Amino acid sequence: MSEARANILARLRAAPQVQPPERPYWQAPSFNDRLDRFRMMIEAVHGEVHVVTEQTWRPHLRKILAEKNVARVLAAPHLGIDWDDVVAYDAPVEDFKDQLVSGIDACVTTTRGAIAETGSLVVVPDVDEPRLASLLPPIHVALLKADDIADNLAQIIEAQGWAAAMPTNLLLISGPSKTADIEQTLAYGVHGPKELIVLVLQ
Amino acid sequence: MAADFSTRAHDALNNPQLRANFRRAMDGLMTKRAAQFEDKDNWTALRAKGAAIKARALAQLPDLLEEFEQKAIANGITVHWAETTADANRIVLEILTAHGAKKVIKGKSMVSEEMHLNAHLEAHGIKAVESDLGEYIIQLAGEAPSHIVMPCIHKNKGEIAQLFTDNIENQPYTEDVDALTAAARQVLRREFASADAGLSGANFLVAETGSLVLIENEGNGRLSTTLPPLHIAVAGIEKLVEKLDDVAPLLALLPRSATGQAITTYVNMITSPRKSGEQDGPRQVHLVLLDNGRSRVYADEQLRDTLRCIRCGACMNHCPVYSRVGGHTYGSVYPGPIGKILTPQLAGLDCAGDLPHASTLCNACVEVCPVQIPIADILVRLRTEAAEPSASPAVKGAGSGHSAVESAVWKGWQAMYANPAAYKVGTKALSVVGNLIPAAAPLLKQWTSVRTKPKFAAKTLHQLAREKGYDNE
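Residues numbered from 1 in each chain as written. Chains lettered and ligands numbered in written order. Predicted model: local features only at pLDDT ≥ 70, side-chain atom pairs only at ≥ 80, totals over all residues. Heavy atoms only, no water.

Student: In this structure, what is going on with the packing of helix α8 (residues 133-141) of chain B against helix α9 (residues 157-167) of chain B? I would like to understand it.
Tutor: Axes are the key here: two packed helices are described by the angle between their axes and the distance separating the axes. All names here are of chain B. Their axes nearest at 10 Å, the elements α8 and α9 cross at an angle of 65 degrees. Regarding the angle of α8 to α9, the classification is roughly perpendicular. Considering only the axes of α8 and α9, their crossing is left-handed. Of the residues in α9, those touching α8 at Leu133, Tyr136, Ile137, Leu140 and Ala141 are Ile160, Leu163, Phe164 and Asn167. Residue composition of the contact of α8 with α9, by class: eight nonpolar, one polar and no charged. (Axes fitted to C-alpha atoms, helices over the stretch in contact; angles between N-to-C directions. Helix = DSSP H or I, 4+ residues; strand = E, 2+ residues; numbered from the N terminus. Parallel < 35°, antiparallel > 145°, perpendicular 65-115°, else oblique. Left-handed = near helix turned anticlockwise from the far one by under 90°. Contact = heavy atoms within 4.5 Å. Nonpolar A, V, L, I, M, F, W, Y, C, P; charged D, E, K, R; others polar.)

Structure follows, in structure tokens:
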């Protein structure tokens, strides 16, 4: 292997050297009303947005999920959702896989923020909210603080100092899972959630 | 499959279903992309930045590869280097064998297509299951992708419905897209849950952080890189970018150019395997860096621009040739304009020398390329390399299209146009005997097979000018 590495690097170093060009100016857009832009963009790709408060989000969520006939909900204990049918993802996936693949109807996760320009949630899975939580259940509910919506990706990368401390996995999620592989016809929920519900805490 | 491009193109052009499928798809994609870049000043500035970011990364490529490797290893990712696709296949097989893996679930990866990885794994008793819906469909059909972003774009609902009925147990015939998608979801969920390993490509490799960035809409890429205990990624060495910040402008270009989306549903940044205490994610992450001729392309300053490509497919969506003949006609993994310059450089002009000629040089691809690859200039360069190779560094297979007769004709043409007396004699001779040369004469034959041979005028331009009283040639 190291021979391949040495050969490839040697060929690249033997090639003509050129001065790396500077990055020309280009600025991603910013918005007067970031929540408004975020909402417009994520709704355009089939996301659902509810503006709630720290006091009202749990009963509001319960109402939404009841309307969708959700029985089992996956949520981390620190979210303080104390319904009977709530389970925590507190075991390694090897022991939890069967339940996760087909036994959970909805999952609630926090977010690290959002991007107004593209209507994207920033999700950083961790010990309490593992990677598959926002992926396998048919409904993903994401909690977003309105103040955490940035204008664009470049801004949030810098503001939150991503480059200095990248987590195991960092996700931008913009709407539910979708495909247009069959005759460019949109279909939702091909592999991930069919529905994405964003609760914006104001 | 027919042996050369022109034969395959002829077959494709006479297939009305195929042409209708492509026409509809390409029209839709062009319209959606145009809507994303309505602000021309912003588009111009953004693509200049995208091009500079990729050119900048290429200018520092060996250093960035080493920086990336160092960071990735520190993050717990195992990095492998492969000079050829055979090496890359061997490495992937060794990793899988060491883990006793029998089934691999795959996210969409063009490099794995370049490696013909599935066939290699099958030959060694390992099942490779494609999980991107389009890739799954063409795997059922036993075909290759016909587009780098939308692999089954050549198929219509009816053909897909029939494939599903024939291949999925208890699947009734339906052309309902939601029902077809749901059927695939059900089958592939079981495959995901039982896979021993996941395989993916990568859209960007970030040297600054040692991260892999993957974009997708379906979630199968996330599943492939998260659910199985082992993740293997394969990527070309040109995927490097210098800073995490560089990803932002490229993400503002790639999905908008490809499918007219503001962004893909998922942007998946992977920086390490599962850490202690984490509940999911693969326990090992391996990355195979593939050269397969890229370092040779890199050796030429002009051709190096080919390696800026971010695989959006906009060039093929806008190509008047691709949209009429479809992806399979190119007979290579990468079709369309980018394929016409990449394939002959990777495989050699001796193997794919007809591809640089499958173009009218209309420049549509150059106008839409988000990283400003001078595709038309490179096409002309490759045509020249095939006929009259430059001194060095040689393109693989350079000179393979050389013809002594053709070369002599052009040399004669050059001599005639450089000398007034020779020009006078030559044009006069052609005005007399030119129309006697049969259309089926050697050299003319291919050109006149689809065109009428032009008629030589009875008098040369100089003669006509003199008759009108102009005498100062």
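Student: Would you mind showing me how to read unusual backbone geometry here?
Tutor: Glycine aside, negative phi is the norm for most residues, and most peptide bonds take the trans geometry. Residue and element names in this part refer to chain B. For Arg311, which is not glycine, the phi torsion reads 60 degrees and is therefore positive. Counting through the fold element by element, Arg311 comes out in the loop between α13 (294-298) and α14 (314-317). Relative accessible area serves as the criterion here: at 14%, Arg311 is assigned to the buried category. Here Asn363, not a glycine, exhibits a phi torsion of approximately 80 degrees, which is positive. Here Asn363 shows up in the loop between α17 (349-352) and α18 (364-368). Here Asn363 falls in the partly exposed class, since its relative accessible area comes to 30%. (Buried < 20%, exposed > 50% of the residue type's maximum accessible area, 1.4 Å probe, protein only.)

Student: Would you explain the environment of Gln171 of chain B in this entry?
Tutor: Structurally, Gln171 of chain B can be placed in the loop between α9 and α10 (177-194). If sequence neighbours within four positions are ignored, Gln171 of chain B has contacts with Phe164, Thr165, Leu180 and Ala183 of chain B.

Student: Hey, could you run me through the interface of chain A and chain B in this one?
Tutor: Often, the extent of an interface is quoted as the loss of accessible area on bringing the components together. Taken together, the contact between chain A and chain B spans 72 residues of the former and 96 residues of the latter. Counting each side, the surface lost to burial between chain A and chain B is near 7,500 Å², with a carbon and sulfur contribution of 58%. When the buried area of chain A at its contact with chain B is split by residue, Arg23, Trp26 and His191 of chain A rank highest and sum to 12% of it. Where chain A meets chain B, there are eleven salt bridges. Linking Arg13 of chain A and Asp63 of chain B is a salt bridge whose minimum nitrogen-to-oxygen distance equals 2.9 Å. For the interface between chain A and chain B, the tally reads 49 residue pairs in polar contact (both at pLDDT 80 or more). If you list the elements that add at least two residues to the side of chain A that touches chain B, you get α1 (2-14), α4 (93-102), α5 (153-159), β9 (169-173), β10 (178-179) and β11 (187-188) of chain A. Of the residues forming the side of chain A that touches chain B, the biggest block, nine residues, is contributed by α1 of chain A. In terms of strand pairing, β9 of chain A meets strand β9 (residues 266-270) of chain B through five bridges, oriented antiparallel. (Buried area = accessible area lost by both parts, 1.4 Å probe. Salt bridge = Lys/Arg side-chain N within 4 Å of Asp/Glu carboxyl O. Polar contact = N/O pair within 3.5 Å; in protein donor to acceptor, adjacent residues only side chain to side chain. Pairing = 2+ DSSP bridges.)

Student: How do you make sense of the packing of aromatic side chains when you look at a structure like this?
Tutor: The description of an aromatic ring pair rests on the distance of the ring centres and on the angle between the ring planes. Residue and element names in this part refer to chain B. Under the definition given, this model contains nine aromatic pairs over all chains. Seen in terms of ring centroids, Tyr136 and Phe164 are 5.9 Å apart; in terms of plane orientation they differ by 75 degrees. Their pairing is edge-to-face. Of this pair, Tyr136 sits in helix α8 while Phe164 sits in helix α9, and the two are 28 residues apart along the sequence. Relative accessible area serves as the criterion here: at 0%, Phe164 is assigned to the buried category. Where Tyr322 meets Tyr330, the ring centres are 6.1 Å apart and the plane angle is 25 degrees; that geometry is what we call stacked. As far as the burial class goes, Tyr322 and Tyr330 line up, both buried. Three or more aromatic residues joined by ring pairs form one cluster here, namely Phe5, Phe22, Tyr322 and Tyr330. The ring of Trp43 carries the charged tip of Arg33 above its face, separated from the ring centre by 4.9 Å. (Phe/Tyr/Trp six-rings, centres within 6.5 Å; stacked < 30°, edge-to-face > 60°. Lys NZ or Arg CZ within 6 Å of the ring centre and 35° of its normal.)

Student: Quick question: what am I supposed to make of the environment of Glu113 of chain B here?
Tutor: Residues and elements named next belong to chain B. Structurally, the position occupied by Glu113 is in helix α6 (residues 110-115). The sequence separation of Glu113 and Leu18 amounts to 95 residues, and the corresponding C-alpha distance is 22 Å. Each residue touching Glu113, except ones within four places of it in the same chain, is listed here: Glu130, Glu135, Pro145 and Val333.

Student: Would you mind showing me how to read the pattern of salt bridges here?
Tutor: Side-chain pairs of opposite charge can arise whenever the charged atoms involved come near each other. Within the structure shown, the criterion is met by 31 salt bridges over all chains. Here Glu69 of chain B ties to Arg5 of chain A by a salt bridge, and the two come within 2.7 Å at their closest N and O atoms. A residue pair is termed interchain when its members come from two chains, as with Glu69 of chain B in helix α4 (residues 61-75) and Arg5 of chain A in helix α1. Taking the shortest distance from any N to any O, the salt bridge between Glu94 of chain A and Arg283 of chain B comes out at 3.6 Å.

Student: I tried to follow the sheet that holds strand β2 (residues 103-106) of chain B on my own but got confused; where do I start?
Tutor: What holds strands together in a sheet is hydrogen bonding between their backbones, with the strands either parallel or antiparallel. Residues and elements named next belong to chain B. One open sheet accounts for six strands, arranged β1-β10-β7-β4-β2-β3; its pairing is parallel. Each edge of the open sheet is held by one strand with a lone partner, namely β1 (77-82) and β3 (127-130). Each strand of the sheet is rotated relative to its neighbour by a mean of 25 degrees, with strand direction disregarded. In terms of strand pairing, β2 meets strand β4 (residues 197-200) through three bridges, oriented parallel. Counterpart to Lys106 in the pairing with β4 is Leu199.

Student: Looking at this structure, how should I read the nonpolar core?
Tutor: Generally speaking, nonpolar side chains in soluble globular proteins are found buried as a group. Ranked by internal contacts, the top residues of the largest apolar core, which has 126 residues, are Trp162 of chain A together with Val92 and Leu96 of chain B. Structurally, this core is a two-domain feature, drawing no fewer than three residues from each of domain 1 (1-36 + 309-402) and domain 2 (53-292) of chain B. Counting 57 residues, the second largest nonpolar core, distinct from the first, contains Ile42 and Tyr89 of chain A together with Ile137 and Leu180 of chain B. (Core = buried A, V, L, I, M, F, W, Y, C linked by side-chain atoms within 4.5 Å. Domains from an automatic or database assignment.)

Student: Help me out: how do you make sense of a nonpolar patch on the surface in this one?
Tutor: Residue and element names in this part refer to chain B. A surface patch of nonpolar side chains, amounting to about 270 Å² of accessible area, comprises Val405, Val409 and Leu443. Mapped onto the elements of the fold, Val409 is located in helix α20 (residues 404-418). Judged by relative accessible area, which is 44%, Val409 ranks as partly exposed. (Patch = residues over 30% accessible without salt bridge, like charges linked within 9 Å, V, L, I, M, F, W, Y side chains within 5 Å. Areas by Shrake-Rupley, 256 points an atom, 1.4 Å probe, with all protein chains shown as cover.)

Student: Explain the packing of helix α3 (residues 40-59) of chain B against helix α12 (residues 247-259) of chain B to me, please; I cannot follow it from the model alone.
Tutor: Residue and element names in this part refer to chain B. The geometry of α3 relative to α12 is characterised by a closest axis approach of 9 Å and an angle of 110 degrees between their N-to-C directions. With respect to their mutual orientation, α3 and α12 come out roughly perpendicular. α12 is crossed by α3, and the crossing has left-handed handedness. For the pair α3 and α12, the contacting residues are Asn42, Trp43, Leu46, Arg47, Lys49, Gly50, Ile53 and Lys54 in the first and Pro249, Leu250, Ala252, Leu253 and Arg256 in the second. By residue class, the composition of the contact of α3 with α12 is seven nonpolar, two polar and four charged.

Student: What's the story with the pairing of strand β10 (residues 284-290) of chain B in this structure? I'm lost.
Tutor: In the case of a regular strand, side chains alternate between the two sheet surfaces. Residues and elements named next belong to chain B. Burial analysis of β10 places six of its seven residues in the buried class, which makes it a mostly covered element. Pairing of β1 with β10 involves six bridges; the strand directions are parallel. In the sheet register, Ala82 faces β10, and the bridge partner there is Leu290. In the sheet, strand β7 (residues 230-236) pairs with β10 via seven bridges, with the strands oriented parallel. Counted as the bridge partner of His231 is Val285 from β10.

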